[in-house]
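# Summary of the model geometry
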Amino acid sequence: MSGQEEKLPGISICIFIDAFGWELLDRHSFLDDMLPVKQPLDTIFGYSATCDPTILTGLLPRDHGHFSFFVYDPDHSPFRRMPLLQLMRLVPKALSSRNRARSVIGKLINRQLAYTGYFNIYNMPFSLMKYMDYTEKRDLYQPGGINSGSPTIMDYARDQNIDFFLSDWKASEEQNLKDLTDAVLDPRRDCRFAYLYMASMDAVLHRVGTDHPEVSAKIAWYEQQIRALIRTAQSRYREVRFFIFSDHGMTDVHDTCDVQGPVAASGLKFGQDYAAVYDSTMARFWFFNSQASRRIEEILKGLPCGEVLTDQQLSAWGVDFPDRRYGELFFLMHPGVLLLPSHMGDRPIAGMHGYSPEDKDSAAAFCSSCSLDLEVSRLDDLYGLMKGEIDRWLSVP
Ligand SMILES: [Zn+2]
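### What about the overall build of the protein chain?
In terms of helices and strands, the protein chain carries 14 helices and 16 strands. Taking 21 Å as the expected radius of gyration for a compact globule of 397 residues, we find that the protein chain reaches 22 Å, a close match to that expectation. Over its C-alpha atoms, taken along the principal directions, the protein chain stretches across nearly 75 × 40 × 40 Å. Contacts in the protein chain between residues far apart in sequence, at least 24 positions, make up 77% of those at least 6 positions apart.

Take a look at the structure:
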C-alpha cells in the first residue's frame, strides 16, 4: 500500500470472544488506548446455543427457537432407530460411559446424522437418547440456520451483496485471525464488514476458573492479536471501526448439587411419568401425569441449591416458548453451583455459565473503537449495531 488516496473507504470489524464477560474485562487492561467505549452487556438466559442466535438475529429465544441442545421429543428423535445406539445398550455401562468411548460414538452419530450445526452428545445416557431431539441441526451462520426461519445479520449482508468476511466457527482462533488478515489484505477484495469468531477462552475459563494466570495470559494474547489485526486493516482502509463483544460471562463454581439422585429416588419412571434434561446449571422437566408434576416440584422445592422458575420469570427472560418445547418446568441452580452429574458432564469444572442473567458474573461485555448514537445494552441490541455498520458502508461507493 502506498499513498492515502489508494486506501479503501472503510471496514467494520465485529470481534466475538466467547465468555469474555464484563467482570473479567473490568479486572484487566485491554486495548485501553483503542477502545473509548467499554461497558457491561446484559446476557440472555441460556448457553451459547441460546445467546449466539440472539446476537445473530436480534431476537429473544422464544422467537428464534434455540435454547439448549436436547429436548424431550421422542416422535422426532433422530436417535430413535439408530442401530448403533441399540447396540450400545448391550455394552456394559463401565465401558460405554468412558469419555473416550463416548467421544468416538458421538463422532459416528454425527457422521450418520450429517448435521451442519454444532453437535455433541455430551454425557446424555445412550438409553435416554431415543426420547430426545437435538435442536441445533443446522449451521447458525449459513442461510436457513435459525430454527424459526428468521434471517440473521449474515443473511442481511448476503442480501445486500456487500463483500463481507465470516469466520468458520469450526476453525481455530489462529486460523480465523489469519483468514481475516488475508481477506483484509487481498487486493481483489473490498471487504466492508467482518465477523471474527473467537471461542477458545470459554474452554480455558471452564477449566481453570476466572482467577488464574492462564486467563490473564489469554486476554493479553487477544490484545496483541487484535492490535496487529487492526494495524493491518488500517494500512489498507481509511477508516477502521471495530467492536468486541461476548455472549455471556463466567461464574466460578464453588459447589455441586445432585438433582438426578433425588428425582430418581422418587420411584417415578422416566418416559412414563416424566422426562428430564439435566443441563449444567438447570434441570428441565416434562410431565405425563399430575402426580409426577406434584411430586417432582415438591422434591425440587426441598433442594437448597436452586429454584423453580415461575412462568413470569421465563416470560421476562424471553424463554416462554409457545409449545413449551424446552420443558414445562425449569429448576435453575444458584450462581456458582454446578448440577452434577448432569447430561452435560460427570466431573466438576472450575467455571460455568448459564445462571440467572441478572447475576453480575453472567454479564457479557461490549467494547467499541468509536462512540455510538445507539444504545447497546443487551445481546439482542448487537443485531441493530451490526446492521447499522453494514448500512454505513453500503452508502459509500
Ligand atoms: Zn461455555
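Moving on, there is more to tell.
### Focus: the sheet that holds strand β13 (residues 329–333)
Read from one edge of the open sheet, four strands run β10-β11-β13-β12, paired in antiparallel fashion. Only two strands of the sheet have a single partner each, and these edge strands are β10 (274–278) and β12 (306–308). Strand-to-strand twist in this sheet, taken as the mean axis angle between neighbours without regard to direction, amounts to 15°. Here strand β11 (residues 282–287) pairs with β13 via four bridges, running antiparallel. Residue Phe 285 lies in a different strand from β13, and its bridge partner there is Leu 329.

### Concerning the sheet that holds strand β16 (residues 364–368)
The six strands lie next to each other as β2-β16-β7-β1-β6-β5, forming an open sheet whose pairing is mixed. Each end of this open sheet is capped by a strand with a single partner; those strands are β2 (37–41) and β5 (164–166). The sheet shows a mean angle of 15° between the axes of neighbouring strands, taken without regard to direction. Pairing geometry for strand β1 (residues 8–17) and strand β6 (residues 193–198), over six bridges, is parallel. Across the sheet, the residue bridging to Ser 12 is Phe 193, located in β6.

### Here's the deal with helix α8 (residues 173–185)
In a regular helix each residue adds 1.5 Å, so 13 residues correspond to 18 Å; α8 covers 18 Å between its end C-alpha atoms and thus fits that length. Of the residues making up α8, those classed as buried are Glu 173, Asn 176, Leu 177, Leu 180 and Val 184. End-on view of α8: buried residues confined to an arc of 100°, all on one side of the axis. Opposite the buried face of α8, at more than 90 degrees from it, the exposed residues are Glu 174, Gln 175 and Asp 182. Along its buried surface, α8 packs onto β5, β6, α9 (200–208) and α10 (213–236).

### Remarks on the environment of Arg 62
Mapped onto the fold, Arg 62 is located in helix α3 (residues 61–64). Sequence separation between Arg 62 and His 353 is 291 residues; the distance between their C-alpha atoms is 20 Å. With residues near it in sequence (within four places) discarded, Arg 62 still touches Gly 318, Val 319, Asp 320, Phe 321 and Pro 322.

### Some words on unusual backbone geometry
Omega for the peptide link from Leu 340 to Pro 341 comes to -5°, which places this bond in the cis form. Mapped onto the fold, Pro 341 is located in the loop between β14 (337–339) and β15 (351–352). Phi angles above zero are rare outside glycine, and Leu 31 is one such case at about 50°. Among the structural elements, Leu 31 can be located in the loop between α1 (22–27) and β2. By the C-beta count within 10 Å, which is 17 here, Leu 31 ends up partly exposed. A positive phi angle, near 45°, is found at Tyr 122, a position not held by glycine. The topology assignment puts Tyr 122 in the loop between α6 (99–113) and β4 (132–134).

### Notes on the domain arrangement of the protein chain
Here the domain parsing of the protein chain yields domain 1 (4–62 + 140–251 + 363–394), domain 2 (70–134) and domain 3 (254–348). Each of domain 1 and domain 3 has a C-alpha centre, and these two points are 33 Å apart. Contact residues are listed per partner, giving seven residues for domain 1 and eight residues for domain 3.

### A short note on the nonpolar core
Residues Ile 15, Ala 194 and Leu 196 are the most contacted members of the largest nonpolar core, which totals 110 residues. Apart from the residues lying within four places of it in its own chain, the contact partners of Ile 15 are Leu 196, Met 198, Ile 226, Phe 242, Phe 243 and Ile 244.

Quick notes on the rules
- Residues numbered from 1 in each chain as written.
- Predicted model: local features only at pLDDT ≥ 70, side-chain atom pairs only at ≥ 80, totals over all residues.
- Helix = DSSP H or I, 4+ residues; strand = E, 2+ residues; numbered from the N terminus.
- Rg over C-alpha atoms; globule rule 2.2 N^0.38 Å.
- Contact = placed C-beta atoms within 7 Å.
- Pairing = 2+ DSSP bridges.
- Axes fitted to C-alpha atoms, helices over the stretch in contact; angles between N-to-C directions.
- Expected span 1.5 Å × (residues − 1).
- Buried ≥ 20, exposed ≤ 12 C-beta atoms within 10 Å, placed from the backbone.
- Arc of directions from axis to C-beta.
- Domains from an automatic or database assignment.
- Core = buried A, V, L, I, M, F, W, Y, C linked by C-beta atoms within 7 Å.

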